[in-house]
Amino acid sequence: MESSEKTAWLSILTNTLLVCIKTAVALASGSVAVVADTIHSLTDVVSAAVILIGIKIARRPARGFPYGLYKVENLVALLTSLLILFAGYEILKTVIFGGSRPLPENIPLSIVGICATLIITWLFSRYELKKGEETGSPSLIADARHVWTDMLSTLVILAAFVGSALGLGLDTFAAVIVVFFIARSAMTILVDSVRVLLDASLDFATITKIRDIVLSDPRVVQINQLWARNAGRYKFVELDLVLRINDLERGHSLTEEIENRVKFEIPQVDRVLIHFQSQGKTKEVIAIPICADRQTISMHFGEAPFFRLVDLQQPNNTVTEDRQLENPFLEEKKAKGIKVAQWLLENEVTTLLSLQDQSGKGPGFVLGNSGAEILLTESTNADAALAAFVANKGEAL
Ligand SMILES: [Zn+2]
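Per-chain numbering applies: the sequence of each chain, read as written, is numbered from 1 onward. Reporting in this predicted model follows two pLDDT cut-offs: at least 70 for local features of residues, and 80 or more for side-chain atom pairs to be given and counted; totals over whole chains, interfaces and linings ignore these cut-offs and use all residues. Excluding hydrogens and water, the side-chain figures rest on all heavy atoms present in the structure.

**Student:** Can you lay out the overall build of the protein for me, pointing to particular residues and giving the numbers?
**Tutor:** For the purposes of this entry, the term helix denotes a DSSP run of H or I that reaches at least four residues, the term strand denotes a run of E that reaches at least two, and both are numbered from the N terminus. For the protein, the count of helices and strands is eleven helices and eight strands. Taken against the 2.2 N^0.38 rule, which gives 21 Å for 397 residues, the C-alpha radius of gyration of the protein at 33 Å runs more than 25% over that of a compact globule. Each principal axis of the C-alpha distribution contributes one length, and for the protein these read about 105 × 50 × 35 Å. Type-normalised accessible area, obtained with a 1.4 Å probe on protein chains alone, sets the label of each residue: buried when under 20%, exposed when over 50%, and partly exposed for intermediate values. Counting over 397 residues, the protein shows a buried share of 44%. The quantity called the radius of gyration is restricted to C-alpha atoms. Its globule counterpart is 2.2 Å times the number of residues to the power 0.38.

Structure, rendered in structure tokens:
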């Protein structure tokens, strides 16, 4: 059994037990506040059942519903919240128009019963919070907080009973406060379910996280569009990307990589749909590793002190920019070559002119995966190698 399923079952059992105790107290005392609290616990049983139904339904494929039946959970939650609000309204009506009420009876016994429900509620809230933090489940943590406010409303009832024992008629006031708690939790459920049913976007923090994960890959040029929504407890993400890749197959494997990374880092993601287009070449950027004299091509890649970057406007190979950048990873201890390769990609390098064959090595893979070419040159002079490249229009040197 899935752990969320187990927690839902435990929640149903706990709340059913609470309903039983509270019903007994309500019958023994005649307190309208306890009746309200009983109805609240009853709605909690229904909410937990809804969660369980949601978990079960979400697993079942349905031919007529290709996007899944996830939203059944939200629909049932919406109906439940309306039921809760109606129950609250009924209690309020009883309190306001019910005339003066006698003081509750069997007070000592009722206080014992209420204390028992307080202890059960507290234990369950602690358990749920622990499970929620263990699994990082926001819905469990939210529910634990809900159970915590349930405890407050039960405390109000306890206070009213103590007041009644002293001859103060606090029962109706307590009932009004309990109804307020009921209405508040119902409104939260109502608003959340309507938001999901209307395909509201995911929260800002999650959107930002997805954006960061996608843009952290140097092969992604930009995100044109990012849509993300909830359905039931699951998240659906759609992305429109521009990739620094010209090869269709490589583009697809990159989108798969991105999809897995998003699913790994963000819980409950059901589907990540990625459309992409390649950047297209309007310019070539040639990188040449050079020595300290800034002219001789370096035998090394990661250890080259400088890189000469030349922008060639396509299709005429007109030089639009020619600059020499210091290798920022020269002092790096680990994975120097790979870091330099990534840095070159960030500088939009499309071709590396090299004296050394990089194929089968880390930097070769990094560049190759992004569709950057590595061309071997025979000349050791940067100007000569560049001239040969332009003369051959990027064909073999
Ligand atoms: Zn509750």
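More follows now that the structure is in view.
**Student:** Summarise the sheet that holds strand β5 (residues 306-313); cite the residues concerned and give the values.
**Tutor:** What makes two strands pair is DSSP finding at least two bridges between them. Sheet architecture is open: five strands sit in the order β6-β5-β4-β7-β8, paired in mixed fashion. The two strands at the open ends of the sheet, each matched to only one other strand, are β6 (318-326) and β8 (373-376). For this sheet the average axis-to-axis angle between neighbouring strands, irrespective of direction, equals 20°. The pairing of β5 with β6 spans eight bridges and is classified as antiparallel. To get an axis, fit a line to the C-alpha atoms, keeping to the stretch in contact for a helix; angles then go from 0 to 180 degrees between the N-to-C directions.

**Student:** Before we move on, could you go through the sheet that holds strand β1 (residues 220-231) and cite the residues and values that matter?
**Tutor:** With mixed pairing, the three strands of this open sheet are ordered in space as β1-β2-β3. The sheet is open, and its two borders are formed by β1 and β3 (269-278), each paired with just one other strand. With direction set aside, neighbouring strand axes in the sheet form an average angle of 15°. Relative to β3, strand β2 (residues 234-243) is paired through nine bridges, and the arrangement is parallel.

**Student:** Describe in detail the confidence of the model for the protein, supporting the description with residues and values.
**Tutor:** Detail in the predicted coordinates should be disregarded across regions flagged by low pLDDT. What pLDDT reports is the predictor's confidence in each residue, on a scale of 0 through 100. Averaged over every residue, the pLDDT of the protein is 83; residues scoring 70 or more account for 93%. For the protein, helix α3 (residues 71-97) is the element with the lowest average pLDDT, namely 78, and helix α7 (residues 204-215) is the one with the highest, namely 91.

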